[in-house]
Structures are given as C-alpha cells and as structure tokens.
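Report on the structure
Okay, here's what each chain looks like letter by letter:
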Amino acid sequence: NVAPGKNLCYFVRVINTNKTITSSSNRLCFFSTQVAAPNLVYIRSASILDAKSARIQILVDTTKASTGVTLQRSENDTVFKNIAFIAYNGTANYSYIDNTIESTKRSYTYRTIVIDSCGNERNGSNLTKTMLLKVQEEKDQLFLKHLNWSPYEGFAGGVSGYAVYRLVN
C-alpha cells in the first residue's frame with residue numbers, strides 16, 4: 001500500500017529482552033512503482049430497461065490491461081456497494097444488466113473502479129445517475145397528465161435536452 005514514486009528502505013532491528021541494546025541489519029532500498037492500469041474508465045450510459053433492471057454501458061481504455069472493473073451502485077449518492085465485477089477481456093466496451101433495482105421507486109447512481117493486475121483499486125469513473133419519471137393525473141381531466149422526472153447525471157459535457165415519448169397500448 002505504498003504510493004508509486006516513493007523511495008522505500010527496509011531493515012531489520014533486533015532488541016534484547018531488557019530493551020537496552022539493539023542491533024540493525026543492512027538497509028535495502030528501491031524505488032516503488034505500480035503495475036500499469038487503464039487511465040480511462042467512463043460510464044457511457046445508465047438506462048432503465050424495465051421496473052427491475054437497468055443497463056450500464058462502460059468504456060475502458062484498452063492501452064493497458066487490468067483484471068477488470070468493479071461496478072458500484074448507490075441509492076443515496078453517498079454509500080456505494082459493489083454489485084458486480086466485470087472481467088477484462090481486451091475490448092473497450094462493456095455492458096452490464098443490473099436486475100436488482102426498483103426503477104419505479106428511486107434513481108440509482110453508478111460508478112466503476114479499475115482493478116489492476118495486483119488486485120488494487122485504481123482509477124474511478126464518472127458518476128452516472130438514472131432518471132425517475134413520475135406521472136401526476138388531473139382528477140377532473142382524464143387525458144391530462146403532468147410528467148416530472150429527475151435529471152440524468154453523468155454525461156461529460158452535460159445533457160443537451162430531453163425527448164418525451166408516449167406509447168399507446
């Protein structure tokens with residue numbers, strides 16, 4: 001757990017029973033490095049598929065190999081829990097179906113973390129938050145509906161607009 005780019009030295013020290021005399025070994029020093037890992041991991045989108053599932057699409061830099069990425073989810077934007085490990089397969093695009101959600105009750109925030117070949121957590125992705133649509137009906141007007149949705153969060157550069165679609169039957 002030493003940060004890369006540090007000069008490390010080790011030695012052994014022995015102490016007598018009375019703790020009055022010590023003796024030390026030679027020092028062995030080296031420069032710390034870390035294994036290479038992808039610099040970029042980006043969640044391209046988090047889309048609701050149905051009441052119980054969402055598709056998370058991830059882009060990973062392929063110039064350096066890794067063990068894979070850990071996908072995490074939060075219901076409150078603060079506490080993230082690991083929900084999946086997606087193994088590295090040499091491609092840039094990954095997709096995961098999270099089928100343990102309740103998309104009609106809340107939004108979910110996702111992030112991924114690259115795991116290097118030594119099992120260490122490295123670079124993290126952007127945060128991506130799904131949208132939650134709520135419909136409010138007018139009691140006196142059967143065909144009047146008020147739509148309200150939470151903003152989508154996660155696109156680098158922001159959201160340029162929303163398109164509303166209606167499905168009949």
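Scroll up to find the structure.
Residues numbered from 1 in each chain as written. Predicted model: local features only at pLDDT ≥ 70, side-chain atom pairs only at ≥ 80, totals over all residues. Heavy atoms only, no water.

1. Some details on the packing of aromatic side chains
With the rule as written, the count across this model stands at three aromatic pairs. Centre to centre, the rings of Y10 and F30 are 6.0 Å apart; their planes meet at 20 degrees, and the pair counts as stacked. With a gap of 20 residues between them, Y10 in strand β1 (residues 7-10) and F30 in strand β4 (residues 28-31) connect regions that are remote in the sequence. Its relative accessible area of 39% is what places F30 among the partly exposed residues. R111 extends its terminal NZ or CZ atom over the ring of F80, reaching a point 3.9 Å from the ring centre. (Phe/Tyr/Trp six-rings, centres within 6.5 Å; stacked < 30°, edge-to-face > 60°. Helix = DSSP H or I, 4+ residues; strand = E, 2+ residues; numbered from the N terminus. Buried < 20%, exposed > 50% of the residue type's maximum accessible area, 1.4 Å probe, protein only. Lys NZ or Arg CZ within 6 Å of the ring centre and 35° of its normal.)

2. Remarks on a nonpolar patch on the surface
A cluster of nonpolar side chains, M131, L133, V135, L147, W149, F155, V159, Y162 and V164, forms an exposed patch at the surface whose accessible area comes to about 790 Å². Listing elements by their share of the nonpolar patch, those giving two or more residues are β13 (133-137) and β14 (145-149). Mapping V135 onto the fold places it in strand β13. (Patch = residues over 30% accessible without salt bridge, like charges linked within 9 Å, V, L, I, M, F, W, Y side chains within 5 Å. Areas by Shrake-Rupley, 256 points an atom, 1.4 Å probe, with all protein chains shown as cover. Salt bridge = Lys/Arg side-chain N within 4 Å of Asp/Glu carboxyl O.)

3. Quick look at the layout of surface pockets
Empty space left among the atoms is revealed by rolling a probe the size of a water molecule over them. By volume, the largest pocket amounts to about 740 Å³. Around the largest pocket sit 23 residues that line it, and M131, L133, W149, A163 and V164 are the ones nearest its centre. Elements with a minimum of two residues in the lining of the largest pocket: β5 (41-50), β13 and β14. Per-element accounting of the lining of the largest pocket gives the leading share, four residues, to β5. (1 Å grid on protein atoms, 1.4 Å probe; cavity = no way out; pocket = protein on both sides within 12 Å on 5 of 7 lines; lining within 4 Å. Points joined across faces, edges and corners; volume = space filled by probe spheres on them.)

4. Regarding the pattern of salt bridges
Under the counting rule described, the total for this entry stands at seven salt bridges. With a shortest N-O distance of 3.0 Å, R122 and D116 are connected by a salt bridge. Ionic pairing is found between K145 and E137, a salt bridge with its closest N-O pair at 3.4 Å. Here the salt bridges share partners, and the residues they tie into one network are E75, E102, K105 and R106.

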